[in-house]
Amino acid sequence: MQKTFQVGAKTFVLDEAKAEAAFAAKRVINGRQTMCFNLLPLKYQWAYDLYRKMKANHWEPEDIPMGKDIEQWRDEKALSEVERWIIRMGIGYFSAAEGIVGDNIQHVVRELVTAPELKLVLGRHAHEENIHADSLLYMIASLGINPHECEAMFEDVPTIVRKNEFVTRVSRSLRRDLDMTQIENKKLLAKNIFVFGQCMEGTQFYGLFGMVLSLYRQNKFPGIGQMFRYTLRDESNHIEVFRNLFMDLVEENREIWTAEFKEELRDLMQEAITLEKEFIRDCLPVNAVGLRLEDFLTYIDYIADRRLEGVGLALLNPSAKNPLPWLAEMMDIKKEQNFFEGRVTEYQKASSLNVAADDEL
Ligand code: FE
Ligand code: MN
């Protein structure tokens, strides 16, 4: 028996029995491990759709002009020392953080996940972390910053070291040959996906993002600000990839979704918030960019609750309102696709048109 499968506007004819067997063997974990890249028939449609969306958002650092940033950096009077410091800190923190996220995808999550379309979108996710790391190199080179100085910021600041330990501990525990049919190991993976997607990329990135975008809003570092906005657009897709992955993992392994485990995850988010607030208090000169510390801290609470909400967990600070609506608009959660100007939008338009023309995705 032949059966027709539709993916966007593309049609595929598959042998029905084979297709059904392939579909049934697809699981987030403990599914069929195959050397062949058997995308069809798609079981996790969201993964393929997000892969296409992420590809349509493709950008290259060198497309963003850095002339104005360089001019400001060299002008003694254009910037304060605090503003220069924020840029060095932003570059230093993200240079390491993007690498940690990419490494965890490639060596932990993509290794343990079995369905091919999930591996596909995770491959794109890892590639985007490479683009982000490369964009930071481009900033370092353009401004003539000493890379070791940025590196030292990551390694020597205690509140950053603690943020780092928080994520690497859920990654380290999975870098062994584990029996993924054991409930404890399933929980380890669920924790990893929750911590990296919702706590780290989804919450802890937002302190420094907010600082850099505050400068950008004051017309300082337009090139760097633009790159951070593209990065944020990517991050919102990464949060969504890991959110969906988490939900499907739980759906297929209901035995892990106990009241106790939910509390454990909420505690992890609470820990992430505490670490981020310590980092902000310790390191981020919030007043220097014209923001109130209390608003900035509340913003972290607000963002964290959106992440908990996204994965069906109870909020930690239900009364927290968004204190910085302009920031949300510039970098938020449900962002307009055409919010970005310039050449990157053209990439997107061009590929979106192609998508519309041949795929309807
Ligand atoms: Fe990133
Ligand atoms: Mn990311």
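Just so it is clear, the model here is predicted, and its values are computed rather than measured.

*Asks:* Explain the coordination of the iron ion (ligand 1) to me, please; I cannot follow it from the model alone.
*Replies:* Four donors placed tetrahedrally around a metal ideally meet at 109.5 degrees, and six donors placed octahedrally ideally meet at 90 or 180 degrees. Taken together, Glu98 (OE), Glu129 (OE), His132 (ND1) and Glu235 (OE) make up the protein donors of the iron ion (ligand 1), found 2.0 to 2.2 Å from the metal. Along the chain, the residues donating to the iron ion (ligand 1) are arranged with the sequence spacing E-x30-E-x2-H-x102-E. Metal-to-metal, the separation of the iron ion (ligand 1) and the manganese ion (ligand 2) is 3.0 Å; Glu129 coordinates the two. With Glu129 in helix α5 (residues 116–143) and Glu235 in helix α10 (residues 222–252), this pair connects stretches of sequence that are 106 residues apart. Neither Glu129 nor Glu235 differs from the other in exposure class; each is buried.

*Asks:* Would you explain the pairing of strand β1 (residues 2–7) in this entry?
*Replies:* The side chains of a regular strand alternate, residue by residue, between the two faces of the sheet. Relative to strand β2 (residues 10–15), β1 runs antiparallel, the two sharing six bridges. Across the sheet, Gln2 pairs through a bridge with Asp15, a residue of β2. Two successive antiparallel strands, β1 and β2, enclose a turn made up of two residues, where Gly8 displays a positive phi of approximately 60°.

*Asks:* Is there a simple way to explain the environment of Ala126 in this structure?
*Replies:* For Ala126, the position within the fold is in helix α5. Taking the C-alpha atoms as reference, Ala126 lies 9.5 Å from Arg110; in sequence the two are 16 residues apart. Beyond its immediate sequence surroundings of up to four residues, Ala126 is in contact with Ile105 and Gln106.

*Asks:* Before we go on, may I ask you to explain the coordination of the manganese ion (ligand 2) in this structure?
*Replies:* Within the protein, Glu129 (OE), Glu201 (OE), Glu235 (OE) and His238 (ND1) serve as the donor atoms for the manganese ion (ligand 2), at 1.8 to 2.2 Å. Counting residues between consecutive donors of the manganese ion (ligand 2) along the chain gives the motif E-x71-E-x33-E-x2-H. Judged by relative accessible area, Glu129 falls into the buried class, the value being 1%. Overall, the relative accessible area of 0% leaves Glu201 in the buried class.

Cut-offs and rules
- Residues numbered from 1 in each chain as written.
- Chains lettered and ligands numbered in written order.
- Predicted model: local features only at pLDDT ≥ 70, side-chain atom pairs only at ≥ 80, totals over all residues.
- Heavy atoms only, no water.
- Donors = N, O, S within 2.8 Å, 3.2 Å for Na, K, Ca; no water.
- Helix = DSSP H or I, 4+ residues; strand = E, 2+ residues; numbered from the N terminus.
- Buried < 20%, exposed > 50% of the residue type's maximum accessible area, 1.4 Å probe, protein only.
- Pairing = 2+ DSSP bridges.
- Contact = heavy atoms within 4.5 Å.

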